[in-house]
Amino acid sequence: MKKFSKAVFTMMIIFGAAYMLMASGCKGSNSDSGTQLTAPAAPNGDVQDDASQLEPLKPDQVRECTDNEFVQLVSWRNAVDKANGLVDAAKGKQQPQAVDASLTAIRTCDSRFSYHKEQPCKKTKKTIVSTQVKVYDAYTINRDCQKVEGYLTKFNLRPDKTSSNPAPVPVEPGAPQPTPNPFEPTPTNPQPLPVEPGAPQPAPDVPNQGTLSACSQDEFSRLSEWSASLDRANKSIAKLGSQSDWKYDDAAISNSALAAKSCETIIKYHASRPCEKNIKQDDGSVIKRQYTEETVRNRCQTTRTYFYEYVQNQSTLIFPNADLYVDLSHFQQQRFEAQSFVTLGSCVAENRTDAAIDYSSRKALVTETRGFEQKMIVLITAEGLKIDCYGLDVDGAFSKRQVVKLLQTEGTDLRLEYRLK
């Protein structure tokens, strides 16, 4: 009886194994019959959290990315690159800029992971000499987001993942590639200056002309402090000569730093709350002085310009109150074809978008700068052009003027300029 049971049991195992092989063979034939392949779905449709379960897909398993999908992938890539640069610069410490950039990047990572887990795609890039194919699937997204993921997890700042499957943000076909900029500091909103009880309250958006409300006592006190700080800065700068003779000076940069900070607050405040004050002169006469966005901005012009030209930075040349532009008009190459590489002196310009970018009649707004810790500078323009310049001999803090001069010593006349907001 025991022998018979053992034989029956053995036969059952053999037939069971044969049945499973046949079943798997049938599934394989269906897969080869031309049915479109998609990424394997996670259990219960949830976001796959276990990275060990992810496997890379082959190019022949996925379709070509649409233009709209690739726009979103460019945004994701830029956000991750920015965050990675700041995380490296933080050297394991919790730094506000690195945290902000990482939070922005990880949210983009979660969105792209959820989307491309279900809808993987590839981007085929053809050149004269080769064809490159890049697959965007859950494995790739997860792998490239590991640095920011680890950084946020280390400080218990990793936001909750979402199991939703968001569609890509609609973007008009052919529109310039969006370039997120978490790298740029977020300007703090100055608190409204306290106004003494009973003082007239000017309405927002009062035109900067005609009769304005009288400045309150507290407003004028703040304006007096700002004016004194501005005068000290302007005197320090005036000692350096004309703007073409400017150079870094400890007193000038110290005074202009305080005055410029005060200028930014006063400009923003009086943009919506302009006022005027009758001021008695030494000879007994009285003049009416108006404090509007325009008049304050004009008085701050010299100090703000000097400050942004020479202020010492650690990781970026981007500021919330001054736009950075790069002038490429003196280079032979000013038009950059889609998905192309071009040399600019000792720099390399890469157009990573699917549309040509032409700067022959305009200067390029720079939305991100990084790479200084690796003795290089990376510039990314609003349209998506990426300019890499290697061998930048920076050591510690640096200014915009210093970066331009160092590039010139390497034979690259990359002209950068600030436009005050």
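Below is a summary of the structure that appears in this document.

Reading guide: rules and limits
Residues numbered from 1 in each chain as written. Predicted model: local features only at pLDDT ≥ 70, side-chain atom pairs only at ≥ 80, totals over all residues. Heavy atoms only, no water. Helix = DSSP H or I, 4+ residues; strand = E, 2+ residues; numbered from the N terminus. Buried < 20%, exposed > 50% of the residue type's maximum accessible area, 1.4 Å probe, protein only. Contact = heavy atoms within 4.5 Å. Pairing = 2+ DSSP bridges. Salt bridge = Lys/Arg side-chain N within 4 Å of Asp/Glu carboxyl O.

With that settled, consider unusual backbone geometry. The phi torsion at K91 lies on the positive side, around 55 degrees, for a residue other than glycine. Tracing the sequence through the fold places K91 in the loop between α2 (67-90) and α3 (96-118). Take K91: its relative accessible area is 72%, and that puts it in the exposed class. Phi is positive for Q339, close to 55 degrees, though the residue is something other than glycine.

This next bit is on the side chain of E350. As for its position among the elements, E350 is in strand β9 (residues 347-351). Residue class for E350 comes out buried when judged on its relative accessible area of 16%. Contact partners of E350, with chain neighbours within four places excluded, come to S340, F341, G384, L385 and K386.

The 3 strands lie next to each other as β1-β2-β3, forming an open sheet whose pairing is mixed. Both edges of this open sheet fall to β1 (63-64) and β3 (131-136), since each of them pairs with a single strand only. With 6 bridges joining them, strand β2 (residues 121-126) and β3 adopt antiparallel strand pairing. Paired with K125 across the strands is Q132, a residue of β3.

By the definition in use, this model includes 25 salt bridges. E149 is paired through a salt bridge with R158; the nearest N and O atoms lie 3.1 Å apart. We note that E149, like R158, is buried. Residues E264 and R304 are paired through a salt bridge, measuring 3.2 Å at the closest nitrogen-oxygen approach. Here R304 lies in helix α8 (residues 293-310) and E264 lies in helix α7 (residues 250-272), a separation of 40 residues in the sequence. We note that E264, like R304, is buried. The network of salt bridges with shared partners includes R77, D81, R143, D144 and R352.

Counting buried residues in strand β12 (residues 376-381) gives 6 out of 6 residues, a clear majority hidden from the surface. Both faces of β12 are covered, namely the face carrying M376, V378 and I380 and the face carrying I377, L379 and T381. Sheet analysis places strand β11 (residues 364-370) next to β12, joined by 4 bridges and oriented antiparallel. Following the sheet pairing, V366 is matched in β12 by T381. In this structure, the hairpin formed by β11 and β12 is closed by a connection of 5 residues, where G371 is found at a positive phi of approximately 95 degrees.

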